[in-house]
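Architecture and fold: a report
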Amino acid sequence: MSVELLTILFFGSLLVFLMLGTPLAFVLGGVSVVFLYFEMGPIGFYLLASKMWETMQSPTLMAIPLFVFMAILLEKSGVANDLYDMMHQWWGGLRGGLAIGTVLICVIFAAMSGISGAAVVTMGTIALPKMLERGYDKKLALGAINAGGGWGILIPPSILMVLYSLLTEVSVGRLFAAGIGPGLTLFILVSIYIGVRCWLQPHLGPALPKEERANWNQKLRSLKAVILPILIVVIVLGAIFGGFATPTEAAAIGVFGAMVATGINGQLSRRVIHRATIDTLKLTALVMWILFAAHAFSTAYTALGAQSLIQDIMTLIPGGRWGALFFMLMVLFFFGMVLDPVGIMLITLPVFLPVVTAAGFDPIWFGILFIIMMEVGYMTPPFGFNLFYLKGVAPPDVTMGDIYASVFPYVVVTLIGVGLIILFPGIALYLPEVFYGK
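These numbers were taken from a predicted model, which means no experiment stands behind them. (Residues numbered from 1 in each chain as written. Predicted model: local features only at pLDDT ≥ 70, side-chain atom pairs only at ≥ 80, totals over all residues. Heavy atoms only, no water.)

A few words now on the pattern of salt bridges. Here the structure, examined in full by the defined rule, presents 2 salt bridges. The salt bridge partner of Asp 402 is Lys 138, with a shortest N-O separation of 3.5 Å. Placement of the pair is Asp 402 in helix H20 (residues 400-406) and Lys 138 in helix H8 (residues 138-149), with a sequence separation of 264 residues. Notably, a salt bridge pairs Asp 279 with Arg 275, separated by 3.3 Å at the nearest N-O pair. Separated by 4 residues within a single helix, Asp 279 and Arg 275 lie in helix H14 (residues 270-304), roughly one turn from each other. Relative accessible area serves as the criterion here: at 22%, Asp 279 is assigned to the partly exposed category. On the basis of relative accessibility, which here comes to 35%, the residue Arg 275 falls in the partly exposed class. (Salt bridge = Lys/Arg side-chain N within 4 Å of Asp/Glu carboxyl O. Helix = DSSP H or I, 4+ residues; strand = E, 2+ residues; numbered from the N terminus. Buried < 20%, exposed > 50% of the residue type's maximum accessible area, 1.4 Å probe, protein only.)

Right, let's get into a nonpolar patch on the surface. A contiguous nonpolar patch, built from Ile 188, Ile 192, Val 196, Trp 199 and Leu 200 and spanning about 540 Å² of accessible area, is present on the exposed surface. A residue is classified by how much of its surface remains accessible, and Ile 192, at 46% relative accessible area, is partly exposed. (Patch = residues over 30% accessible without salt bridge, like charges linked within 9 Å, V, L, I, M, F, W, Y side chains within 5 Å. Areas by Shrake-Rupley, 256 points an atom, 1.4 Å probe, with all protein chains shown as cover.)

Another aspect to go through is empty space enclosed by the protein. One pass over the structure, following the stated rule, counts 1 cavity of 30 Å³ or more. Taken as a whole, the largest cavity holds about 40 Å³ of empty space. Going through the elements one at a time, helix H17 (341-358) and helix H18 (363-379) are the ones with two or more residues in the lining of the largest cavity. With 3 residues, H18 is the largest single contributor of residues to the lining of the largest cavity. A class-by-class count of the residues in the lining of the largest cavity yields 7 nonpolar, 3 polar and 1 charged. (1 Å grid on protein atoms, 1.4 Å probe; cavity = no way out; pocket = protein on both sides within 12 Å on 5 of 7 lines; lining within 4 Å. Points joined across faces, edges and corners; volume = space filled by probe spheres on them. Nonpolar A, V, L, I, M, F, W, Y, C, P; charged D, E, K, R; others polar.)

This brings us to the environment of Ala 303. When you line up the elements, Ala 303 lands in helix H14. Taking the C-alpha atoms as reference, Ala 303 lies 23 Å from Leu 163; in sequence the two are 140 residues apart. Setting aside residues up to four positions removed in sequence, Ala 303 forms contacts with Leu 36, Glu 39 and Met 40. (Contact = heavy atoms within 4.5 Å.)

Over its 17 residues, H18 runs 25 Å from end to end, which matches the ideal 24 Å to within 8%, given 1.5 Å per residue. Two to three positions downstream of the cap, the backbone nitrogen of Ile 364 sits 2.7 Å from a side-chain oxygen, assigning the N-cap of H18 to Asp 362. (Expected span 1.5 Å × (residues − 1). Polar contact = N/O pair within 3.5 Å; in protein donor to acceptor, adjacent residues only side chain to side chain.)

Moving on, we get to the packing of aromatic side chains. Within the structure shown, the criterion is met by 10 aromatic pairs. Consider the rings of Tyr 37 and Phe 45, whose centres lie 5.7 Å apart with planes at 15°: the pair is stacked. Its relative accessible area of 39% is what places Tyr 37 among the partly exposed residues. For Phe 45, a relative accessible area of 36% gives the class partly exposed. Considering the side-chain rings of Phe 333 and Phe 334, the 5.5 Å spacing of their centres and the 80° angle between planes classify their relative orientation as edge-to-face. For Phe 333, a relative accessible area of 16% corresponds to the buried category. Over the face of the ring belonging to Trp 90 we find Lys 219, whose NZ or CZ atom lies 5.6 Å from the ring centre. (Phe/Tyr/Trp six-rings, centres within 6.5 Å; stacked < 30°, edge-to-face > 60°. Lys NZ or Arg CZ within 6 Å of the ring centre and 35° of its normal.)

Here is the structure:
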């Protein structure tokens with residue numbers, strides 16, 4: 001059977017089972033194993049098992065449950081309430097200040113947790129009602145939380161970056177370092193957008209009345225709220241970039257810091273630890289099935305010869321390597337509307353990475369573009385995860401239509417950020433070179 005017909009059958013089978021509602025990890029793993037058997041026979045199972053065994057021995061894998069556990073503890077610690085009170089006092093006197101401050105808290109949360117949903121749920125619960133009470137435009141406020149919440153997978157530590165590292169065999173430390181510059185760039189771009197819009201249209205984000213603004217004494221006292229979060233960020237990222245600990249060891253240190261923060265805020269209890277442990281176990285088990293599916297998919301894909309076919313097709317795209325890059329980003333954009341980021345990673349990376357390498361692009365740089373496009377996927381209709389997280393905690397008068405309509409300008413701002421990173425690769429690659437050399 002020709003490789004063209006095999007490719008059609010392979011992807012056609014995936015599509016059929018996905019439309020039947022079968023979980024993506026099981027679809028990819030199951031279909032891949034069947035095709036692998038018919039192409040290679042029983043030896044294909046030995047090849048797949050050896051790849052899984054090699055992955056299971058990777059110390060980086062231990063970072064995933066540790067970062068998940070840390071994120072769940074921080075979500076329950078009450079740190080976010082203190083941060084919001086601090087931000088309210090410092091930024092409330094500016095037009096759009098509450099929205100910009102909310103976005104800043106999302107940056108801090110991203111640097112502590114490593115997952116996207118934590119900041120969206122927390123800020124949707126705490127900040128959104130306060131902004132709406134103060135007369136903020138509904139769409140401006142919703143979009144700010146949606147955009148800022150997505151940075152949990154971009155600003156290190158990031159669980160999606162750990163998965164990308166495992167699947168592509170690039171350095172997770174370099175990938176973490178590469179996420180800082182783009183994360184801060186997107187924060188600046190979104191803040192400029194909010195500030196300019198509220199300056200031109202003051203009714204969208206009115207400043208607090210003078211009598212409600214904090215004095216300098218209150219502002220300075222409120223800064224104690226950032227001590228614990230900044231300490232956790234410095235310990236985790238400082239240990240990694242300073243060469244004192246691997247990402248896995250730093251994740252363990254971060255868990256200890258999260259437990260201390262939860263204890264200081266009076267939220268640490270046996271019940272909280274038990275609940276966080278169970279949630280971590282569930283997510284870790286899911287990740288292991290995802291890794292199995294990824295290895296089965298890439299092994300079957302290589303055995304079928306479809307990888308070389310796709311690479312040949314990519315060379316026919318006009319515009320050379322930049323045309324191929326634009327095509328890959330467009331595929332990621334449209335996939336992000338209907339699939340979850342891990343699923344997109346499983347489907348596209350075995351195809352895209354050889355093309356990226358052949359075109360001479362840095363896989364770390366491409367990894368950052370990939371993660372940002374996944375972030376866009378989190379906030380784009382119809383199935384962006386952040387949209388549903390936000391709907392779950394938003395006030396009753398906020399409709400799904402409001403949430404869908406709020407994301408468009410923030411998606412445009414994020415894509416402008418992608419363009420800047422493409423034009424100026426140093427935004428992503430400067431810090432990895434500083435910390436790890438060329």
